2 protein chains.
Amino acid sequence: MTLDAFRNDIGSIAVEDNPKLVQKKSRDFYWYSPVLKRQLDHVTADLIVSPKSEGEVVEVLAAAHRHGIAITPRGAGTGNYGQAMPLAGGVVLNLAEMNRIIETSPVHVKAETGAILEKIDQQTRAAHGSEIRFFPSTYRTATVGGFVAGGSGGVGSIRWGGLRALGNILGLTVVTCEAVPRVLKIEGADILKVAHAYGTNGIITDVTLPLTAAYDWIDGLVGFPDVMAATRFAEALARQDGILTKEIAVVAAPVAHDYFPHYRRFFERETSLVVVIAAPHAMDALALLAAHHRGDLVYRSDTVPPEEKRQFPPVYELCWNHTTMRGLKVDPSITYLQTQYPDFEHVRRIHEMLGDEMPLHLEMIRFDGRIVFSGLPIVRFTSEERLEEIIAIHENNGCLVFNPHRYTLEEGGMKQTDAGQLAFKGEADPKGLLNPGKMVAWENPDYDFNQKRSWVFAGLQSMDAA
Amino acid sequence: MTLDAFRNDIGSIAVEDNPKLVQKKSRDFYWYSPVLKRQLDHVTADLIVSPKSEGEVVEVLAAAHRHGIAITPRGAGTGNYGQAMPLAGGVVLNLAEMNRIIETSPVHVKAETGAILEKIDQQTRAAHGSEIRFFPSTYRTATVGGFVAGGSGGVGSIRWGGLRALGNILGLTVVTCEAVPRVLKIEGADILKVAHAYGTNGIITDVTLPLTAAYDWIDGLVGFPDVMAATRFAEALARQDGILTKEIAVVAAPVAHDYFPHYRRFFERETSLVVVIAAPHAMDALALLAAHHRGDLVYRSDTVPPEEKRQFPPVYELCWNHTTMRGLKVDPSITYLQTQYPDFEHVRRIHEMLGDEMPLHLEMIRFDGRIVFSGLPIVRFTSEERLEEIIAIHENNGCLVFNPHRYTLEEGGMKQTDAGQLAFKGEADPKGLLNPGKMVAWENPDYDFNQKRSWVFAGLQSMDAA
Ligand SMILES: Cc1cc2nc3c(=O)[nH]c(=O)nc-3n(C[C@H](O)[C@H](O)[C@H](O)COP(=O)(O)OP(=O)(O)OC[C@H]3O[C@@H](n4cnc5c(N)ncnc54)[C@H](O)[C@@H]3O)c2cc1C
Ligand SMILES: Cc1cc2nc3c(=O)[nH]c(=O)nc-3n(C[C@H](O)[C@H](O)[C@H](O)COP(=O)(O)OP(=O)(O)OC[C@H]3O[C@@H](n4cnc5c(N)ncnc54)[C@H](O)[C@@H]3O)c2cc1C
């Protein structure tokens, strides 16, 4: 059997084949989406392989190429579109053990792919008073390589934009899946071909990120009786060039109260929240602006005794996809969307149309030099059809949707195939063994994205086989 | 004589009455403007008084109030609208000797009003690796109090906006001009009433500014055959959320070549320049973007040997009002404007209409959370009438003009009186002795700014008197 031959070839590299453990490491947070849950619930790998060095990655990829084994890389498995799920079975390449921090300076960190983001910050803060520019709210568990390959932005994107902005990744090393795998140092324009490819374009072994000055950031919650007033304030704060913030999010009533039990005692069920993270020396100006908007600064972490503070999660774990996660704990029937609203008026219009069927959750970010409203609204899920209607309502009203109920790069993203990415895949993975089924342009070059139905990977494990 | 009585009252505080020296310290860079040159050339104070401490400032202001003596504060006298010129004679209060740096931390500096900006940075860089957020191109000579009272923004405003943005000044101390002068600690919303008041609202004795992380900034020049291509690149660079820049300016051909002799050998007379200052770890991405725009990175300071570099002024001294200053050295007949263009199209339209009569000089800045084109165009001056026409062309085409040929707060700025500022003046300077003639709303509350002619201060020294 080819799998045995593959195992044989990779010699002493750690392998796991216990089906329970293999299944566990074949999953990510795909179950956030009722659609992906239905489509991918049965998906599992045959083996987990856990290399400890770049040399071992090279060995694994050479053997995979030789025997035609599918390889799906995995960091911490916190992606929520099934990015790290082995649709065609084969091997999950667990990179969590390659987690060394290789070098740091005040302005950069180079770390192995499996390094946890929070660990990186701990080290660069201690050594240089510096920290990474932004992180996903899964900061405490996610790997740097998984973030670069499968994430987009997060806490800090209000200042620095996201991973797709030039300059936010300084370099990558990737290993190709060829007869003799190459180890490529990726810099400059090539970075964007390899990053955010869900691992279809080579296995990242290390990542170099720019650092910025660390502050003793303060968590805050500003309450408003009305979600649109909260949104106005969030936008005004985001536009304050002189107020140094790291996070500005809006969470509508009543979900703020319903989903955030730790913080509930600070505000009413009717309160919509603006969640903020700001530098200490920005708090006076922030409080002034909040008062001007008749907002109520109901919580600020610098006035809470440390013992008490330890009982709360940090406020960034109320934000980004953590809002949805907290919601799912309270009400497993909800789901969410990923949207983008060009301005306040678009937010208002959509909110008027959908009301409490889609409680607003907005993340203020910079995007191509503009302040925009990135949405991660809660959706009170009724059916897949209605979810499609809600998406259509957005699109028909000039709002972008990055569909989080799709497992392919194209359908979740810009609905366009990146020609550079595709060409790079041809070189790095000629047999198409890396994370099969995630890049439509590779699997099915003529696919028409204007179809109503979502694309289905022909190689997807059938339910029976699993 | 009241002046003698005043002198007598201020006892041992340093006073200068040599007319030559008094005249020298009664002037700033008003002569940039042919209009102000005509109006203010004869203006001079009677005395220069140079306090060394807040206590001495209190003494001087009490005596001024007692005897009805006009007091015009002065830092380094680098303002260029006659802000620091004693229109009604009296005393110039020279604050250059109050220049102690009072306290610093990684995130703030508190300094006496007369501290030179570059000196502040030297100290905070050495102590904390921190620096002020932005500075005028007169960095090496201007005082912090003069900047706050008379400036607007500068190198760094592409990241942090300007002085008018909430959060960019943390606090001020001001002394009022009353029978018993009060020493007020100004914070929060009050800051904007006192800052940028040309000293009409009290004498600032110290300023507290936020700091940001210092970098080993790199100077660069990117050349383009066409000024609109340069402008496109400047905008694209300004919109790059991930590329850390401190300065982005456009200087059109042929003035870049004509006015910048030190750098001339790096480019042709037909070259329009984008002047950039960027962090070292941003240079790769910046070079990539420049290449993408077919720009030519003709100079970067990190590739020039130190001995050679010492022969060039830093590139920030090619920017902001230094561009005009270098122009005036080459061609004393030119002048300039201060404009704001909401977008590229507005720049293009105005450039098409005015061509080489008004060679473009743009400073990319953040303004209320948006990237805008702040203009300091060179004007090949022919007459005051034509200058007014050029202003009208801007205004009729939806571009703002902040007229630098006016000595009043209102006419140079937003054409509106700031009610908060006016009310504050009532309390801080009931007799109207502080820098008389600069706040129209105080001198002439019913003045209609829609008149064609500029406002003239009735108390302006007559030519004969001088
Ligand atoms: C509660 C919650 C909150 C979240 N918040 C955010 C957020 O704020 N912002 C955001 O962007 N995302 C967010 N996410 C998604 C996800 O957590 C992040 O993108 C995270 O950075 C992924 O890291 P990981 O180590 O878990 O990657 P994984 O999920 O393991 O992998 C992500 C993708 O990268 C690929 N990959 C992993 N390692 C490599 C490698 N070495 N080489 C090549 N490909 C590789 C995988 O195949 C997969 O396609 C959130 C998810 C959850 C569940
Ligand atoms: C070549 C050149 C380049 C320039 N570039 C810039 C630029 O990039 N950005 C910019 O904003 N400006 C610029 N300017 C204008 C000016 O240099 C700056 O605003 C500078 O910060 C003024 O500082 P100063 O100490 O010279 O102030 P002064 O000119 O002495 O005073 C400025 C104003 O503040 C008042 N003032 C001074 N001290 C006090 C005090 N203690 N209390 C109350 N009022 C006070 C004065 O009365 C006056 O009205 C430039 C000028 C020149 C000539």
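- Per an unreviewed UniProt entry, chain A is named FAD-binding oxidoreductase, and its organism is Rhizobium quercicola.

1. Points about empty space enclosed by the protein
Next, step 1: Following the criterion strictly, the structure yields 5 cavities of 30 Å³ or more and no others.
Next, step 2: The space that makes up the largest cavity amounts to roughly 300 Å³.
Next, step 3: As for the largest cavity, its lining consists of 21 residues, and the residues nearest its centre are A:Arg159, A:Trp160, A:Arg366, B:Arg159 and B:Arg366.
Next, step 4: When contributions to the lining of the largest cavity are tallied by element, the ones reaching two or more residues are helix 7 (157-160) of chain A together with helix 7 (157-160) and helix 9 (227-238) of chain B.
Next, step 5: Across the lining of the largest cavity, the residue classes tally to 11 nonpolar, 4 polar and 6 charged.
Next, step 6: In this structure, the second largest cavity encloses a volume near 70 Å³.
Next, step 7: Taken together, A:Ile132, A:Arg133, A:Phe134, A:Phe147, A:Leu163, A:Asn168, A:Leu209 and A:Pro210 form the lining of the second largest cavity.
Next, step 8: Residue classes in the lining of the second largest cavity are distributed as 6 nonpolar, 1 polar and 1 charged.

2. Considerations on the site of ligand 1
Residue and element names in this part refer to chain A.
Next, step 1: Not every one of the 36 residues close to ligand 1 is listed here, only the nearest: Pro73, Gly75, Thr78, Thr143 and Gly153.
Next, step 2: Within the contact set of ligand 1, an oxygen atom lies 2.8 Å away from a backbone nitrogen or oxygen of Gly79.
Next, step 3: Against a free-state accessible area of 970 Å², the protein chains account for coverage of 98% of ligand 1.
Next, step 4: Among the secondary structure elements, those contributing two or more residues to the shell around ligand 1 are strand 3 (71-74), helix 6 (144-150), strand 10 (203-213) and helix 13 (320-330).

3. Quick notes on the packing of helix 9 of chain B against helix 11 (residues 283-292) of chain B
Residues and elements named next belong to chain B.
Next, step 1: Running from N to C, helix 9 and helix 11 cross one another at 145°; their axes reach a closest spacing of 10 Å. Relative to helix 11, helix 9 is oriented so that their crossing is right-handed. Residues Phe233, Ala236 and Leu237 of helix 9 form the contact with helix 11, whose own contacting residues are Leu286, Leu289 and Ala290.
Next, step 2: Looking at the contact of helix 9 with helix 11, its residues break down into 6 nonpolar, no polar and no charged.

4. Section: the sheet that holds strand 1 (residues 14-16) of chain A
Residue and element names in this part refer to chain A.
Next, step 1: Read across the sheet, 4 strands follow the order 1-2-4-3 without closing on themselves; strand pairing throughout is mixed. If you trace the sheet from one side to the other, it starts and ends with strand 1 and strand 3, each paired once. Looking at each pair of strands side by side, their axes are set apart by 25° on average, direction ignored.
Next, step 2: As judged from the 4 bridges shared by strand 3 and strand 4 (residues 91-94), these two strands associate in the parallel manner. Looking at strand 4, one finds that Pro73 is bridged to Leu93.
Next, step 3: Helix 1 (residues 2-9) contacts strand 1, strand 2 (47-50), strand 3 and strand 4 of the sheet and is inclined by roughly 15° relative to strand 2.
Next, step 4: Across the sheet, helix 4 (residues 54-67) touches strand 2, strand 3 and strand 4, and the angle it forms with strand 3 is around 155°.

5. Some words on the site of ligand 2
All names here are of chain B.
Next, step 1: Close contacts around ligand 2 come from 36 residues, with Pro73, Gly75, Thr78, Thr143 and Gly153 the closest.
Next, step 2: A distance of 2.8 Å separates an oxygen atom of ligand 2 from a polar atom in the backbone of Gly79.
Next, step 3: Taking Ser152, its main chain carries an N or O atom lying 2.7 Å from an oxygen atom of ligand 2.
Next, step 4: Within the complex, the protein chains bury 98% of what would otherwise be the 960 Å² of accessible surface of ligand 2.

6. Examining unusual backbone geometry
Residue and element names in this part refer to chain A.
Next, step 1: For the bond from Ala253 to Pro254, the omega torsion is -5°, close enough to zero to count as cis.
Next, step 2: Here Trp320, not a glycine, exhibits a phi torsion of approximately 45°, which is positive.
Next, step 3: In this structure, Trp320 sits in helix 13.
Next, step 4: Overall, the relative accessible area of 11% leaves Trp320 in the buried class.

Rules used in this analysis
Residues numbered from 1 in each chain as written. Chains lettered and ligands numbered in written order. Predicted model: local features only at pLDDT ≥ 70, side-chain atom pairs only at ≥ 80, totals over all residues. Heavy atoms only, no water. 1 Å grid on protein atoms, 1.4 Å probe; cavity = no way out; pocket = protein on both sides within 12 Å on 5 of 7 lines; lining within 4 Å. Points joined across faces, edges and corners; volume = space filled by probe spheres on them. Helix = DSSP H or I, 4+ residues; strand = E, 2+ residues; numbered from the N terminus. Nonpolar A, V, L, I, M, F, W, Y, C, P; charged D, E, K, R; others polar. Near = heavy atom within 4 Å. Polar contact = N/O pair within 3.5 Å; in protein donor to acceptor, adjacent residues only side chain to side chain. Areas by Shrake-Rupley, 256 points an atom, 1.4 Å probe, with all protein chains shown as cover. Axes fitted to C-alpha atoms, helices over the stretch in contact; angles between N-to-C directions. Left-handed = near helix turned anticlockwise from the far one by under 90°. Contact = heavy atoms within 4.5 Å. Pairing = 2+ DSSP bridges. Buried < 20%, exposed > 50% of the residue type's maximum accessible area, 1.4 Å probe, protein only.

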